[in-house]
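# Tertiary structure, described
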Amino acid sequence: MILDKKNAQKFAYEYIRERILNGTYSGGMKLVEERLADEIGVSRTPIREAIKTLEQEGLIKKKQVVNPTVQDLIYLYDIRILLEGFSAKRAAKYMTPDKIKELESTITKSRSSFLEGQSKEMYNSNQHFHELIINECQNPLIIEKLEEARTIFHLFSLRFDLYSRPNIIEEHEEIYNAIKDKNEELAGELMANHLQKDMNFTLEYIGRRGQY
């Protein structure tokens, strides 16, 4: 397959990013341009550019796949608590009836997936729930920062089962009801509390595992 410069860079970026997020390229792994070029079938220039882009996204640091620490996790939650709480308040103010219905459907799907033991489907539904709310902040810089934080957070989910916390669906339902009722302050407070409980559970879980 022969690709022009732009498409080669895009292909290399998507190839490397996908393998970081699915765990094929694990945390701490050194990315060697020459080796990646042979593996992907492009020259070293698009590999170099792809790595630069992924460094800007926080997935690569000093040509190594980022290996986030517990302190990194706390920082990420700080960002999410502040910005997703704000986004939930905006959602209560601006979310359209169609989007509210879509938000409700993510909860229905999460509950169904939970009952059927489909953890991946539940994860996807939960992600969609947060994405719908984040997009309502109507601030591209906040959306970008939260996407970066949630992407790096995803790397933790490859090592730990961070989605087994009880009451996630019920808390989503409370947030949904506050948004539907256009209660801005309550929506923001519920989202912040939801993420704080996520963080507490995650830190306890990691502590029990005796890791880090």
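## Some words on helix H6 (residues 119-135)
Taking 1.5 Å of rise per residue, the 17 residues of H6 would be expected to cover 24 Å, and the 24 Å separating its terminal C-alpha atoms lies within 8% of that figure. Along H6, the residues that are buried comprise Met122, Tyr123, Ser125, Asn126, Gln127, Phe129, His130, Leu132, Ile133 and Ile134.

## Considerations on the pattern of salt bridges
Summed over all chains, the structure comprises 14 salt bridges. Residues glutamate 102 and lysine 99 are paired through a salt bridge, measuring 3.5 Å at the closest nitrogen-oxygen approach. With a gap of three residues between them, glutamate 102 and lysine 99 both fall in helix H5 (residues 97-115), about one helical turn apart. Assessed through its relative accessible area of 33%, lysine 99 is described here as partly exposed. Each of Glu33, Arg44, Arg48 and Lys63 takes part in a single network of salt bridges with overlapping partners.

## A short note on the packing of aromatic side chains
This structure, assessed with the given rule, holds two aromatic pairs. Where phenylalanine 11 meets tyrosine 15, the ring centres are 6.3 Å apart and the plane angle is 40°; that geometry is what we call tilted. Taken together, the positions of phenylalanine 11 and tyrosine 15, both in helix H1 (residues 5-21) and four residues apart, correspond to about one turn of that helix. On the accessibility criterion, tyrosine 15 (16% relative accessible area) is buried.

Thresholds, definitions, all that
- Residues numbered from 1 in each chain as written.
- Predicted model: local features only at pLDDT ≥ 70, side-chain atom pairs only at ≥ 80, totals over all residues.
- Heavy atoms only, no water.
- Helix = DSSP H or I, 4+ residues; strand = E, 2+ residues; numbered from the N terminus.
- Expected span 1.5 Å × (residues − 1).
- Buried < 20%, exposed > 50% of the residue type's maximum accessible area, 1.4 Å probe, protein only.
- Salt bridge = Lys/Arg side-chain N within 4 Å of Asp/Glu carboxyl O.
- Phe/Tyr/Trp six-rings, centres within 6.5 Å; stacked < 30°, edge-to-face > 60°.

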